[in-house]
There are 2 protein chains.
Amino acid sequence: MRLAELSERSGVSTATIKYYLREGLLPPGERITATQSEYGEDHLRRLRLVRALIQVGRVPVATAREVLGAVDDTALDMDERLGIAVGSLPHQTPEDPDDPNVSAARETVEGLLGELGWPSDRSYPAGESLVTAVATLRRLDYPCDVASLLPYGRLAAELAVSDLDMIAAIGTPVTQLEAAVALTVLYEPVLLSLRRMAHAEESRRRYSTTGDGDPDVPAEPADG
Amino acid sequence: MRLAELSERSGVSTATIKYYLREGLLPPGERITATQSEYGEDHLRRLRLVRALIQVGRVPVATAREVLGAVDDTALDMDERLGIAVGSLPHQTPEDPDDPNVSAARETVEGLLGELGWPSDRSYPAGESLVTAVATLRRLDYPCDVASLLPYGRLAAELAVSDLDMIAAIGTPVTQLEAAVALTVLYEPVLLSLRRMAHAEESRRRYSTTGDGDPDVPAEPADG
């Protein structure tokens, strides 16, 4: 397909596509004439991933280039490529590494990894984000010991299994890696919204006194 | 305690505390002299919540005031107060409500609520964020049917039970509500970090070819 059709099918303007081509986020099309190139389904798919990263995940262009480089690096195995790609996504680091809350948080995270049976000698790019979040909980004196964090870790592990099953059902290694990166970013707001909705539903079950507390018990008729 | 001690114990500057007092985010202390007031543990606790909302959750001051108003409104039951407080936190709404992806996403979310056994006639403030996230997945043509979302919904429900158990173990209704709001905000980065770490760990188990794929199998010695 030509540039105009790629733009129409992807919903990305031709100016933006040209910018992504210049920045190396999209591979060049096949040159047909001096001024026209032909693009394929690969370009369309890659464009969706670039939009997920940049427009939804608010990933800087240089970071997106790094993520895509890892996706395409066939010299590495699948685990390494996925690790580098997802690990390149932006993450938080503690603002003040000398804060005793940060070192205490680091110990808590190590304890958590032990309980979960995850190797603590491997480096997790998201580990520093977790240390930052736990240090904030400590600083504000909210519960953040291993016991409080463990249900979150266990559920994250279950989620990872179902996520990777979903991804394994998708085509080739490159498309799987593309989907893994996109779904990491795009399912984060899904998860946070569902957690808040689940809180609302669980609160209704436990605390509501307005008559709809227990969905299995029919409301009393208005006139006895 | 006096203002200086409240500042020291909370780690919030006296200027910021005075600003929060003026904005009605903190109740006034007990007036001792024309220029001095006395503050209690309630102030310290409330200050922690205000920091969690404003400094960590990046909630605007007007929104924080609304959240705190609901926490303190003893005319409502616990479920209503929690619903209004957490529901007042910022959430996403679809950018283009006429987009067919938005109406399709709304149908998917209703189907999901049905599968989860959550009443679909109640309004979930986070529901619009979920519709937005699902519409984005649809627009970019990534999996987002009820079957893909269901594992997320089920795990969110489990998490809500353990979250509300953690909160139920905390003191009075007001302190429980304060903790519920703070933990909603402060555990979001915990959950997202752990999901990414769990992905890394699950990927290692499935795909790693660099010899540490199975932690139960010792590596071959370097010299046979």
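Note that this is a predicted model, so its numbers are computed, not measured.

## Focus on the relation of the copies chain B and chain A
In the superposition of chain B on chain A (RMSD 0.0 Å, axial shift 0.0 Å), the rotation amounts to 180°. Seen this way, the second copy is the image of the first under a two-fold rotation axis. Closest approach to the rotation axis within chain B is made by the C-alpha atom of Leu155(B), at a distance of 3.2 Å. Interface residue correspondence from chain B to chain A reaches 100%, placing this contact among same-surface, isologous pairings.

## A short note on the UniProt feature "domain: HTH merR-type" (unreviewed entry) in chain A
The UniProt entry lists residues 1–70 of chain A under the feature "domain: HTH merR-type" (unreviewed entry), expressed in the numbering used here. Counting secondary structure, residues 1–70 of chain A comes out at 61% helix and 6% strand; the distance between its end C-alpha atoms is 27 Å.

## Some thoughts on the confidence of the model for chain A
The share of residues in chain A with pLDDT of 70 or more is 94%, and the mean pLDDT across the chain is 86. Per-residue pLDDT stays below 50 along residues 213–224 of chain A; that stretch engages in four contacts with residues further than four places along the chain or on separate chains.

## Here we look at the interface of chain B and chain A
The interface is formed by 81 residues belonging to chain B together with 82 residues belonging to chain A. Buried area between chain B and chain A, both sides added, is near 8,000 Å², and the carbon and sulfur share of it is 68%. Broken down residue by residue, the surface that chain B buries against chain A is led by Tyr142(B), Tyr152(B) and Arg196(B), which jointly contribute 10%. For the pair chain B and chain A, the number of links is six salt bridges. Linking chain B with chain A are 29 residue pairs in polar contact (both at pLDDT 80 or more). Counting only elements with at least two residues in the side of chain B that touches chain A, the list comes to α3 (41–56), α5 (78–87), α6 (100–116), α7 (127–139), α8 (146–168) and α9 (173–207) of chain B. By residue number, the principal contributor to the side of chain B that touches chain A is α9(B), which donates 27 residues. In the side of chain B that touches chain A, the residues fall into 47 nonpolar, 15 polar and 19 charged.

## Regarding the packing of aromatic side chains
According to the stated counting rule, one finds six aromatic pairs over all chains in the structure shown. Relative to Tyr124(B), the ring of Trp118(B) lies with its centre 6.3 Å away and its plane at 40°, an arrangement referred to as tilted. Each member of the pair Trp118(B) and Tyr124(B) is classed as buried. The ring of Tyr142(B) has Arg48(A) lying over it, and the distance from NZ or CZ to the ring centre is 4.6 Å.

## Some points on the pattern of salt bridges
Per the stated rule, a full pass over the model turns up 31 salt bridges over all chains. For the salt bridge of Glu178(B) with Arg46(B), the shortest nitrogen-to-oxygen distance reads 2.7 Å. Taken together, the positions of Glu178(B) in helix α9 and Arg46(B) in helix α3 put the pair 132 residues apart, joining distant regions of the chain. By relative accessible area, which is 6% here, Arg46(B) ends up buried. The closest approach of N and O atoms between Arg139(B) and Asp99(B), which form a salt bridge, is 2.8 Å. Linking Arg139(B) in helix α7 with Asp99(B) in the loop between α5 and α6, this pair joins segments that are 40 residues apart in sequence. Note on Arg139(B): relative accessible area 37%, which makes it partly exposed. You can call Asp99(B) buried: its relative accessible area is 11%. Linked by salt bridges that have partners in common, Asp42(A), Arg45(A), Arg46(A), Asp72(A) and Glu178(A) make up one network.

Cut-offs and rules
Residues numbered from 1 in each chain as written. Chains lettered and ligands numbered in written order. Predicted model: local features only at pLDDT ≥ 70, side-chain atom pairs only at ≥ 80, totals over all residues. Heavy atoms only, no water. Least-squares fit on C-alpha atoms with pLDDT ≥ 70 in both. Contact = heavy atoms within 4.5 Å. UniProt positions renumbered as here; feature names shortened; annotations may be inferred. Helix = DSSP H or I, 4+ residues; strand = E, 2+ residues; numbered from the N terminus. pLDDT = per-residue confidence, 0-100. Buried area = accessible area lost by both parts, 1.4 Å probe. Salt bridge = Lys/Arg side-chain N within 4 Å of Asp/Glu carboxyl O. Polar contact = N/O pair within 3.5 Å; in protein donor to acceptor, adjacent residues only side chain to side chain. Nonpolar A, V, L, I, M, F, W, Y, C, P; charged D, E, K, R; others polar. Phe/Tyr/Trp six-rings, centres within 6.5 Å; stacked < 30°, edge-to-face > 60°. Buried < 20%, exposed > 50% of the residue type's maximum accessible area, 1.4 Å probe, protein only. Lys NZ or Arg CZ within 6 Å of the ring centre and 35° of its normal.

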